[in-house]
Amino acid sequence: MASALTTYEQVNDLEEKKTLQMMQKEVDRYISQFKEGYFSPLAMLARMSEELGELAREVNHYYGEKPKKASEAANTVEEELGDMLFVLICFANSLNIDLQTAHDAVMHKFSTRDSNRWTKIEGSGIEEGEKENGDN
């Protein structure tokens, strides 16, 4: 079985890798063609919960003790993560949240607040005092 990364590379080997901003713009272009537009925040949260349940089901089938029924569709963890990402991007767009900015803020929070919380593997990641771009 191919990894998700390998599958992505096979499907998109000729396409440029998309940034979060590019994905947000692509989803916005898609949603903007419909009169209904984005759902309300509460409806988005409900949709996200639905997709999370579908992801949990796939993870349980693939990694857990509960095999799929023969009558169930052959969804994959990758597909369900893609659905989650789409709904997350819709949610962020509907609230005018830049996911790159949100990501940067949470990474800063984790790298400062939790900097000594876990046992680091020597020689991996950003060492104390290094910048994110790899400069010393």
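Preceding this paragraph is the structure being described.
Rules and cut-offs
Residues numbered from 1 in each chain as written. Predicted model: local features only at pLDDT ≥ 70, side-chain atom pairs only at ≥ 80, totals over all residues. Heavy atoms only, no water. Patch = residues over 30% accessible without salt bridge, like charges linked within 9 Å, V, L, I, M, F, W, Y side chains within 5 Å. Areas by Shrake-Rupley, 256 points an atom, 1.4 Å probe, with all protein chains shown as cover. Salt bridge = Lys/Arg side-chain N within 4 Å of Asp/Glu carboxyl O. Lys, Arg positive; Asp, Glu negative; His and termini not counted. Charge placed at Lys NZ, Arg CZ, Asp CG, Glu CD. Helix = DSSP H or I, 4+ residues; strand = E, 2+ residues; numbered from the N terminus. Buried < 20%, exposed > 50% of the residue type's maximum accessible area, 1.4 Å probe, protein only. Contact = heavy atoms within 4.5 Å. Core = buried A, V, L, I, M, F, W, Y, C linked by side-chain atoms within 4.5 Å. Expected span 1.5 Å × (residues − 1). Axes fitted to C-alpha atoms, helices over the stretch in contact; angles between N-to-C directions. Nonpolar A, V, L, I, M, F, W, Y, C, P; charged D, E, K, R; others polar. Parallel < 35°, antiparallel > 145°, perpendicular 65-115°, else oblique.

Asker: Teacher, can you tell me more about a negative patch on the surface here?
Answerer: On the surface, Glu50, Glu54, Glu78, Glu79 and Asp83 cluster together into a patch of negative charge. Of all elements in the fold, only helix H3 (41-63) and helix H4 (77-94) reach the threshold of two or more residues within the negative patch. Position of Asp83 among the secondary structure elements: in helix H4. For Asp83, a relative accessible area of 32% corresponds to the partly exposed category.

Asker: Looking at this structure, I do not really get the environment of Pro41. What am I missing?
Answerer: Structurally, the position occupied by Pro41 is in helix H3. Given a relative accessible area of 42%, Pro41 falls into the partly exposed group. C-alpha of Pro41 to C-alpha of Phe91: the two residues are 50 residues apart in sequence and 6.8 Å apart in space. Residue contacts for Pro41: discarding those within four places in its chain leaves Phe91 and Leu95.

Asker: Just checking my understanding: could you explain the nonpolar core for this structure?
Answerer: Most often, soluble globular proteins have nonpolar side chains that are buried together. Of all hydrophobic cores here, the largest spans twelve residues; its members are Val27, Ile31, Met44, Met48, Leu55, Met84, Val87, Ile89, Cys90, Phe91, Ala92 and Leu99. For this core, the secondary-structure elements that each account for two or more residues are helix H2 (20-32), H3 and H4. The dominant element in this core, judged by the number of residues it contributes, is H4, at six residues. Apart from residues lying up to four places away in sequence, Val87 is in contact with Met44, Arg47, Met48 and Glu51.

Asker: How should H3 be read in this particular structure?
Answerer: An α-helical turn contains 3.6 residues, so any two residues separated by three or four positions project in the same direction. Between its first and last C-alpha, H3 extends 32 Å over 23 residues, near the 33 Å set by a 1.5 Å rise per residue. Turning to H3, its buried residues number three or more, namely Met44, Met48, Glu51, Leu55, Glu58 and His61. On its buried side, H3 packs onto H4.

Asker: Would you mind going over the packing of H2 against helix H5 (residues 99-113) with me for this structure?
Answerer: Helix-helix packing is described using two parameters, namely the angle between the two axes and the distance between the axes. Relative to each other, H2 and H5 sit at 145°, their axes nearing to 8 Å. For the pair formed by H2 and H5, the contact residues are Leu20, Gln21 and Gln24 on the first element and Leu99, Gln100 and His103 on the second. Here the contact of H2 with H5 is built from residues that sort into two nonpolar, four polar and no charged.

Asker: I keep staring at the packing of H2 against H4 and nothing clicks. Help me out?
Answerer: Viewed as axis vectors pointing N to C, H2 and H4 meet at an angle of 80°, and their least axial separation amounts to 10 Å. As judged from the angle between their axes, H2 and H4 are roughly perpendicular. Residue-level contacts link Met23, Gln24, Val27, Asp28, Tyr30 and Ile31 of H2 to Leu85, Phe86, Ile89, Cys90, Ala92 and Asn93 of H4. When the residues that make up the contact of H2 with H4 are grouped by side-chain class, the tally is nine nonpolar, two polar and one charged.

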